[in-house]
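# Notes for the structure review
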Amino acid sequence: MAERTSTGLLTMMLEPTPAVAMTLPAEVREKLAELELELSEGDITQKGYEKKRGKLLAPYIPQIQGVDPSLQIDNRIQASSQAVLPGSKHNKSRAANTRDERFRSDLHTEAVQAALAKYKERKMPMPSKRRSVLVQSSVEACTPPDTSSASEDEGSLRRQGRLATSTPFQGHGHPAVEHWFNRVIQGSSTSSSASSTSSHPGGRSVTTTNTTAHAALNANAAATALADLMAHTQLDNHSAPPDVTGLSERSSLHVERPQVASVRGVSRSYNHHTSVMETADGVPVNSRVSNKIQQLLNTLKRPKRPPLREFFVDDFEELLDVQQPDPNQPKPEGQQMSPLEGEPLGVVTNWPPSLPAALQRWGTTQPKSPCLTALDNAGKPVYTLTYGKLWTRSQKLAYTLLNKLSTRNEPLLMPGDRVALVFPNNDPVMFMVAFYGCLLAELVPVPIEVPLTRKDAGSQQIGFLLGSCGVTLALTTDACQKGLPKAQTGEVATFKGWPRLLWFVTDGKHVVKPPKDWHPPIREASNDIAYIEYKTSKEGSTMGITVSHSAMLAHCHALTQACGYTEAETITNVLDFKREAGLWHGVLTSVMNRMHVISIPYSLMKVNPLSWIQKVHTYKARVAVVKSRDMHWSLLAQRDQRDISLSSLRMLIVADGANPWSISSCDAFLNVFQARGLRPEVICPCASSSEAMTVAIRRPPEMGVPPPGKAVLSMGGLSHSVIRVDTEEKLSVLTVQDVGQVMPGALVCVVRVEGMPYLCQTDEVGEICVSSGSTGVAYYGLPGMTKNIFETIPVTSSGIPITDRPFTRTSLLGFVGPDSLVFIVGKMEGLMVVSGRRHNADDVVATALAVEPMKFVYRGR
């Protein structure tokens, strides 16, 4: 825009002024008049008009630039008379210190030629003389009534096919002008009616006069206001802020002119009889053309783009606007929900007082009973750990940790210390021995993943957790230790962000058999910490969730009752045995009930996705613990295996059944494998979280529970946290399955996501909270977050607490449906709020899995 403006100013500079037009030959003036007529009648374009006019005036440019020395002398006389006005001592010194006429003329001509040379070098196209409607109206609004006086510059701006006349007005002869002056002075604000004398960086002051000497003596203040107002009007045309000097203070573009000092900004005079200008060395230059040159230089110095902050003004104003809720959005209409209570925990006469006590019982009474079978990457059994072997090996490790590890004749570990368990996913036997060895030694195991590199980002967060837990010892296997990165000394390298650790290998040759008189302390379950399970938040930080001995025992009791576990049952576990459902079912509850676990390593699943189904068929497994992905993968490979049967399964636990996409995997799996003995009621999705552990699970069919439920919900309603049942024919619906009933001995409620934990209405989606003795206790070392998550007190709409029992937030979003079935529609970690509407990241995955290949992803899903 700045280039177009500067080009337009050069075009205006080439126009003959009224005083100079008379010096042109008669035929040139006639051709100019004809061009004006053609332009007004539309016979020629603006570009063509300017091109022809430029050719006509080209031979006479020197005459126009240095025209009429007598007029220049007259102007200098008037300028000097105005410069000696009272109130400016500097002007008097400048008038006394005038230099000869020849020097002024040379400097002026040199400046003109330099500007024209710069213009020719740029070779810019001649722009059309466009004007903003805003500027046009502002200029007309500021024109004095009933006067024909206008400056040369203003006339060139307002010329539309005719030459403007310039007649100087007299202050005494125009009462309407004086009345307009008074009106301008009264209406102008203090910010815009600044003084015509403005200070410059050089320390000089430039005084501009906007009327003739006679008018200045009679209406000095009015003329000053008029000059400022006209200057503001024309400066607005160049998108620059009001500036009486004609230069933008924010200008950072400097124009280099050879051998010519930079001209400092001077307010343009709107009376062509007087024009005072100052160069860098203090020489005043008087000329009509100098105004044009100064206007050009000022324009070139302005930045071509607006300041950066102007690009953000509109966005900032939009952010300030408060999002108004849609009056037509659905709102919950149901009553306030009542807390849902699960069935009471049954009383078992021979129930062990703690998990180590259960291990001691089975290790001594049923030593040959199989506990865990590990498979290699080919699917063949590598080792079967019996309960007798688990008991004796755990005892050896516990004795070694407490008595054989010492520093300076002091034991390295004391009861209650935290110990890291670093075991790969394909070695469940060594992990199980290490876990129960820590429990027998009253140490706190902290299972973590094997670090891959020294600077692995995920392991850095694990290192922060280990440091906060005060871990000094890490247990691992010989094979795993050999695969860890080593330092130059041959020892295991110190990982970035990790504390200094002593690595201990738990293989048989490194542990010591305890004396016959040594027995591990077997105590009843207490509130002391049993183990710490890590959890990674969506921000990437890792937290340790502490689980007490009593909570671990109560959770095993609740799972045994909800799933109907019995002794010596066979269970196939496809999940990670170090955390969450894989740990709860495959390591803890299995030992409590003397079950046999077939552990399927993840590396085998990648090679053979049907391996878990084959093991269910081979071992006649009664229970299988899988995820939706495992069912999905088995569908892709099921054609390769025909002679398999799933009729032995009484319970297929879907650990991630709370995810919206799990229903598609469950339905597809049932459609394929129902012909191979799979019963529909066997599929049992469950909902869980690291903090609350198992929240709800669908019961097996023999327990006489209501049939499974399925809900078809409107996505539009869910985005407003409102439950609206819809039909499957529509595309903008979400179909979810229930995750069964609440766990035994638990109290469940649904609270609002934001603000105070108010109870939701029956048709409102909120966060599920659990109060139970089988949940996590705290985030280790984080009391503030612990209070927010593990010690929530839900309140009614009137602000009254529903109970004095603390609740644990599960981060699961859902509601309680008919028959007390729990439905989950998302998670807090995947919640996205867009324009006041809530969406869940899991819906994207659900959409991708619900749409068949070679078809379209529909809008609204």
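Residues numbered from 1 in each chain as written. Predicted model: local features only at pLDDT ≥ 70, side-chain atom pairs only at ≥ 80, totals over all residues. Heavy atoms only, no water.

## As for the overall build of the chain
The helix and strand tally for the chain stands at 29 helices and 31 strands. Classification of the 861 residues of the chain by burial places 51% in the buried group. Restricting the contact set of the chain to residue pairs at least 6 apart, pairs at least 24 apart contribute 73%. (Helix = DSSP H or I, 4+ residues; strand = E, 2+ residues; numbered from the N terminus. Buried < 20%, exposed > 50% of the residue type's maximum accessible area, 1.4 Å probe, protein only. Contact = heavy atoms within 4.5 Å.)

## Points about the packing of helix 18 (residues 428-440) against helix 22 (residues 580-592)
For any two helices packed against each other, one specifies the inter-axial angle together with the distance between the axes. Where helix 18 contacts helix 22, the two axes come as close as 12 Å, and the packing angle between them is 60°. On the basis of the axis angle, helix 18 is oblique to helix 22. Of the two elements, helix 18 crosses helix 22, and the hand of that crossing is right-handed. Between helix 18 and helix 22, the contacting residues are Phe-431, Met-432, Phe-435 and Tyr-436 on the first element and Leu-583, Gly-586, Val-587, Leu-588, Ser-590 and Val-591 on the second. Considered class by class, the residues forming the contact of helix 18 with helix 22 number eight nonpolar, two polar and no charged. (Axes fitted to C-alpha atoms, helices over the stretch in contact; angles between N-to-C directions. Parallel < 35°, antiparallel > 145°, perpendicular 65-115°, else oblique. Left-handed = near helix turned anticlockwise from the far one by under 90°. Nonpolar A, V, L, I, M, F, W, Y, C, P; charged D, E, K, R; others polar.)

## What about the packing of helix 3 (residues 26-41) against helix 4 (residues 46-57)?
As a packed pair, helix 3 and helix 4 sit with axes 10 Å apart at the nearest point and diverge in direction by 175°. In terms of their interaxial angle, helix 3 and helix 4 are classed as roughly antiparallel. Facing Val-28, Lys-31, Leu-32, Leu-35, Glu-36 and Leu-39 of helix 3, the residues of helix 4 in contact are Gln-46, Tyr-49, Lys-52, Arg-53, Leu-56 and Leu-57.

## A look at unusual backbone geometry
A positive phi is found at Ala-568, a non-glycine position, where the angle reads about 65°. Along the chain, the position of Ala-568 falls in the loop between helix 21 (549-563) and strand 16 (570-573). Residue classification places Ala-568 among the partly exposed positions, given a relative accessible area of 46%. Positive phi values are uncommon outside glycine, yet Asp-819 reaches one of about 60°. Mapped onto the secondary structure, Asp-819 falls in the loop between strand 28 (808-816) and strand 29 (822-827).

## Description of the sheet that holds strand 21 (residues 693-697)
If you trace the nine strands from one edge of the open sheet to the other, you get 7-6-17-16-18-19-20-21-24, paired in mixed fashion. At either end of the open sheet lies a strand with only one pairing partner, and these are strand 7 (381-386) and strand 24 (741-742). With four bridges joining them, strand 16 and strand 17 (residues 596-599) adopt parallel strand pairing. Paired with Ile-571 across the two strands is Val-597, which belongs to strand 17. Here helix 17 (residues 387-403) sits on the sheet and contacts strand 6 (370-375) and strand 7; the angle it forms with strand 7, its principal contact strand, is near 75°. Helix 22 rests against strand 6, strand 16, strand 17, strand 18 (623-626), strand 19 (651-654), strand 20 (683-689) and strand 21 of the sheet, and its axis sits at about 155° to strand 16. (Pairing = 2+ DSSP bridges.)

## Remarks on the environment of Ser-771
In this structure, Ser-771 sits in strand 26 (residues 766-771). Classification of Ser-771 as buried rests on a relative accessible area of 3%. As for Ser-771 and Phe-790, which are separated by 19 residues in sequence, their C-alpha atoms are 9.2 Å apart. Residues within four places of Ser-771 in sequence aside, it is in contact with Gly-745, Ala-746, Leu-747, Arg-805, Pro-806 and Phe-807. At a separation of 3.2 Å, a polar atom in the side chain of Ser-771 contacts the main-chain carbonyl oxygen of Pro-806. (Polar contact = N/O pair within 3.5 Å; in protein donor to acceptor, adjacent residues only side chain to side chain.)

## Some details on the sheet that holds strand 13 (residues 502-505)
Pairing is parallel across the open sheet formed by four strands, whose spatial order is 11-10-12-13. The open sheet has two edge strands, strand 11 (444-448) and strand 13, and neither has a second partner. If you compare each strand with its neighbour and ignore which way they point, the axes differ by 30° on average. On top of the sheet, helix 18 reaches strand 10 (418-422), strand 11 and strand 12 (473-476); it is set at about 175° to strand 10, its chief contact.

## Thoughts on the side chain of His-555
Residue placement: His-555 occurs in helix 21. Apart from residues no more than four positions distant in its own chain, His-555 is found in contact with Trp-584, Met-693, Thr-694 and Ser-774.

## A closer look at the confidence of the model for the chain
As a note on interpretation, predicted positions should not be read in detail where pLDDT is low. Taken residue by residue, the chain gives an average pLDDT of 77. The fraction at 70 or more is 67%. In this model, residues 126-178 is a region of pLDDT below 50 whose contacts with residues beyond four sequence positions or in other chains number 87 contacts. Below a pLDDT of 50 lies the segment residues 229-276, which in the model reaches 133 contacts outside its immediate sequence neighbourhood of four places, other chains included. (pLDDT = per-residue confidence, 0-100.)

## Here's the deal with the nonpolar core
The tendency in soluble globular proteins is for nonpolar side chains to be buried side by side. With 91 residues, the main nonpolar core has Leu-401, Tyr-436, Leu-475, Tyr-531 and Leu-588 as its most contacted residues. Top element by residues in this core is helix 18. It accounts for 11 residues. When residues no more than four places from it in sequence are discounted, the contact partners of Tyr-531 are Phe-435, Val-444, Pro-445, Ile-545, Thr-546, Val-547, Met-552, Leu-583, Trp-584, Leu-588 and Met-693. Grouped together as the second largest cluster of nonpolar side chains are 28 residues, Val-616, Val-654, Val-682 and Ile-683 included. (Core = buried A, V, L, I, M, F, W, Y, C linked by side-chain atoms within 4.5 Å.)

## Overview of the pairing of strand 20
Among the seven residues in strand 20, six count as buried, and that is most of the element. In this sheet, strand 20 lies alongside strand 19 in parallel orientation, the contact comprising three bridges. If you follow Ile-653 over to strand 20, its bridge partner there is Cys-684. In this fold, the crossover linking strand 19 to strand 20 by way of helix 26 (residues 662-673) has right-handed handedness. The pairing of strand 20 with strand 21 spans four bridges and is antiparallel. The residue bridging Ser-688 from the neighbouring strand is Thr-694, located in strand 21. (Right-handed = clockwise from strand over helix to strand, strands pointing away.)

## As for the packing of aromatic side chains
Tallied over the entire structure, the rule returns 13 aromatic pairs. Here Tyr-602 and Trp-633 contribute two aromatic rings whose centre-to-centre distance is 6.3 Å and whose plane-to-plane angle is 40°, an arrangement assigned as tilted. Here the residue Tyr-602 occupies a position in helix 23 (residues 602-607), and Trp-633 occupies one in helix 25 (residues 628-637), the gap between them amounting to 31 residues. Judged by relative accessible area, Tyr-602 falls into the partly exposed class, the value being 35%. Members of the aromatic cluster, each reached through a chain of ring pairs, are Phe-423, Phe-431, Phe-435, Tyr-436, Tyr-531 and Phe-577. Over the aromatic face of Phe-577 sits the side chain of Lys-578, whose NZ or CZ is 5.2 Å from the ring centroid. Residue placement shows Arg-594 over the ring face of Trp-362; its charged tip is 5.5 Å from the ring centre. (Phe/Tyr/Trp six-rings, centres within 6.5 Å; stacked < 30°, edge-to-face > 60°. Lys NZ or Arg CZ within 6 Å of the ring centre and 35° of its normal.)

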